[in-house]
Amino acid sequence: MPVINLKGHVALVTGSSSGLGSAVALKIGLAGATVAVHYRKEKSEADDLVARIIAAGGKAMAFGADVSNRSEVENLFASIDRELGSVDILVNNAGIDGIRALCGDDNPDNWEKVIAVNLVGPYYCSREAVKRMRKNHKGVILNITSVHEFIPWTGYTAYASAKAGLSMFTKTLAQETADDGIRVLSVAPGAIKTPINKSVWGNPDTLADLNRKIAMEKMGSPDDIANAVSFLVSDLAGYITGTTLVVDGGMLLYPDFKHGG
Ligand code: NAD
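Residues take numbers from 1 onward in each chain, read along the sequence in its written order. The predicted origin of the model limits local features to residues at a pLDDT of at least 70 and limits the giving and counting of side-chain atom pairs to 80 or more, whereas totals for whole chains, interfaces and linings rest on all residues. No hydrogens and no water enter the side-chain calculation; it runs on all heavy atoms of the structure.

Draft legend 1. Highlighting the pattern of salt bridges. Counted as salt bridges are all cases of a side-chain nitrogen of Lys or Arg within 4 Å of a carboxyl oxygen of Asp or Glu. If you walk through the whole model with that rule in mind, you get 12 salt bridges. A salt bridge links Asp 88 to Lys 138; the nearest nitrogen and oxygen atoms lie 2.9 Å apart. Remark: Lys 138 occurs in the loop between α4 (108-136) and β5 (139-144) and Asp 88 occurs in the loop between α3 (70-83) and β4 (89-92); sequence separation between them is 50 residues. Partly exposed describes any residue whose relative accessible area lies between the buried limit of under 20% and the exposed limit of over 50%, with all areas from a 1.4 Å probe on protein chains only and scaled to the type maximum. In this structure Asp 88 comes out as buried when scored by relative accessible area, which is 6%. Across the pair Asp 180 and Arg 134 runs a salt bridge whose closest N-O atoms are separated by 3.0 Å. With Asp 180 in the loop between α5 (157-177) and β6 (182-189) and Arg 134 in helix α4, this residue pair connects regions lying 46 residues apart in the sequence. On the accessibility criterion, Arg 134 (39% relative accessible area) is partly exposed. Several salt bridges share partner residues, and in doing so they unite Asp 81, Arg 127, Glu 128, Lys 131 and Arg 132 into one network. The numbering of helices and of strands both runs from the N terminus, where a helix is a DSSP run of H or I of at least 4 residues and a strand a run of E of at least 2.

Shown next as structure tokens:
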């Protein structure tokens, strides 16, 4: 039975001081990769995660940067080169929902911010990663998109546009880098219990409404995403590139049709 073994790899997981990124960084670290735990502001959470990975026998270090700032991203990769070695697994996870507002009533600064963090940030990070991966003729870039790369979401045009854009970035970059030994993938989570959506799962009425939108009628856990990511970045997925794995408990299955049309 093959097991996931990431020994010898250096992985950067953006936004891993919290939520999905934290679970992904831990799982990848336990599978043997050296992990760059990345945070924006939450240094103490990142340090705690580093300590957990080291206590379990792994290797990790925390690095801070704003992924929407190009020079901070360039410095982030240069620091990882110096401290841990060249990144050959990049998980573009950092992201924000933005402020719910209808187009026309919204503030364009907020719209641009969501695009900057959720789409331009992964581009900046991928650009730095590809330069290194090309030299070594190996690497995996995994973008965390969302079911909103497929499902429209009223009040969140920036979020849905960024995630759909990130999906096409995945496919195009996969095509562009296949000859360089690089695989590029997306994981599209459905509703996963993290701080980003606490306002929904923290209230029984909104949680019940959300569960009705999921065929399995329950939210996922960060571990559900970490399991999928660990597989996709490993050699077990060596022939998979340029596609999205949806991890959503059946949210995309039109659950309203469960009880007839
Ligand atoms: P979260 O709020 O717990 O984590 C988001 C992380 O991104 C945090 O670590 C934060 O510091 C980081 N971040 C935000 N802005 C940043 C910036 N400018 N520079 C660097 N880092 C920044 O949320 P989460 O649920 O863990 O979300 C992680 C990813 O998963 C996001 O891309 C989100 O869109 C996606 N996602 C989440 C869900 C869900 O249900 N939780 C569903 C679909 C997609």
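Now, onward.
Draft legend 2. Highlighting the packing of helix α1 (residues 19-30) against helix α8 (residues 222-233). Running from amino to carboxyl end, α1 crosses α8 at an angle of 50 degrees, the nearest separation of the two axes being 8 Å. As the angle between them shows, α1 and α8 are arranged oblique. Regarding α1 and α8, the two cross each other, and that crossing is right-handed. Contacts from Gly 19, Leu 20, Ala 23, Val 24, Lys 27 and Ile 28 of α1 reach α8 at Pro 222, Asp 223, Ile 225, Ala 226, Asn 227, Val 229, Ser 230 and Val 233. Residues were grouped as follows: Ala, Val, Leu, Ile, Met, Phe, Trp, Tyr, Cys and Pro as nonpolar; Asp, Glu, Lys and Arg as charged; and all remaining residues, including Gly, as polar. The class makeup of the residues in the contact of α1 with α8 is 9 nonpolar, 3 polar and 2 charged. To define axes, lines are fitted to C-alpha atoms, for helices over the stretch in contact only, and angles between the resulting N-to-C directions are given on a 0 to 180 degree scale. Working rule for angles: under 35 degrees goes down as roughly parallel, over 145 as roughly antiparallel, 65 to 115 as roughly perpendicular, anything else as oblique. Left-handed is the label given to a crossing in which the near helix is rotated counterclockwise from the far helix by less than a right angle, and right-handed is the label when the rotation is clockwise. Note on definitions: a residue-residue contact is assigned when non-hydrogen atoms from the two residues lie within 4.5 Å.

Draft legend 3. Looking closely at the environment of Ala 65. You can see Ala 65 is positioned in the loop between β3 (59-64) and α3. Using a relative accessible area of 5% as the deciding quantity, one classes Ala 65 as buried. When neighbours within four sequence positions are excluded, Ala 65 is seen to be in contact with His 38, Tyr 39, Arg 40, Glu 72 and Leu 76.

Draft legend 4. Spatial organisation of helix α2 (residues 43-55). Between its first and last C-alpha, α2 extends 18 Å over 13 residues, near the 18 Å set by a 1.5 Å rise per residue. Of all the residues in α2, the buried ones are Ala 46, Leu 49, Val 50 and Ile 53. The buried residues of α2 all sit within an arc of 105 degrees when viewed along its axis, so they share a single face. Exposed residues lying more than 90 degrees from the buried face of α2 are Asp 48, Arg 52 and Ala 55. Tucked inside the fold, the buried residues of α2 contact α1, β2 (34-39) and β3. Positive backbone phi, approximately 95 degrees, marks Gly 57, located one or two places after α2. One less than the number of residues in a helix, times 1.5 Å, gives the span that helix is expected to have. In this description, the arc belongs to the directions extending from the helix axis to the C-beta atoms.

Draft legend 5. Representation of the site of the ligand. Lining the immediate surroundings of the ligand are 29 residues, of which Ser 18, Asn 93, Tyr 159, Ile 192 and Thr 194 lie closest. Within the contact set of the ligand, an oxygen atom lies 2.8 Å away from a backbone nitrogen or oxygen of Leu 20. Only the protein chains shown count as cover for residues, with accessible areas throughout obtained via the Shrake-Rupley method and a probe of 1.4 Å. For the ligand, whose accessible area on its own is 830 Å², the fraction buried by protein is 93%. Looking at the shell around the ligand, its residues break down into 13 nonpolar, 12 polar and 4 charged. Definition of nearness: a residue and a molecule or strand are near each other if at least one heavy atom of the residue lies within 4 Å of the molecule or strand. Here a polar contact means two N or O atoms within 3.5 Å. Within protein one must be a hydrogen donor candidate and the other an acceptor candidate, and residues neighboring in sequence count only if both atoms are side-chain atoms.

Draft legend 6. Region of the structure containing the packing of α4 against α5. Contact geometry of α4 with α5 gives a least axis separation of 8 Å together with a crossing angle of 15 degrees. When the axis of α4 is compared with that of α5, the two are roughly parallel. Here α4 runs over α5; the crossing is right-handed. Contacts between α4 and α5 involve Trp 111, Val 114, Ile 115, Asn 118, Leu 119, Pro 122, Tyr 123, Ser 126, Val 130 and Arg 134 on the former and, on the latter, Thr 157, Ala 158, Tyr 159, Ser 161, Ala 162, Lys 163, Gly 165, Leu 166, Phe 169, Leu 173, Glu 176 and Thr 177. When grouped by side-chain class, the residues that make up the contact of α4 with α5 number 13 nonpolar, 6 polar and 3 charged.

Draft legend 7. Spatial organisation of the sheet that holds β4. The strand order across the open sheet built from 7 strands is β3-β2-β1-β4-β5-β6-β7, with neighbouring strands paired in parallel fashion. Each end of this open sheet is capped by a strand with a single partner; those strands are β3 and β7 (244-247). The mean inter-strand angle of the sheet, taken between neighbouring strand axes irrespective of direction, is 20 degrees. Sitting on the sheet, α1 touches β1 (10-13), β2, β4, β5 and β6, and the angle it makes with β1 is about 170 degrees. Whether two strands pair comes down to DSSP finding at least two bridges between them.

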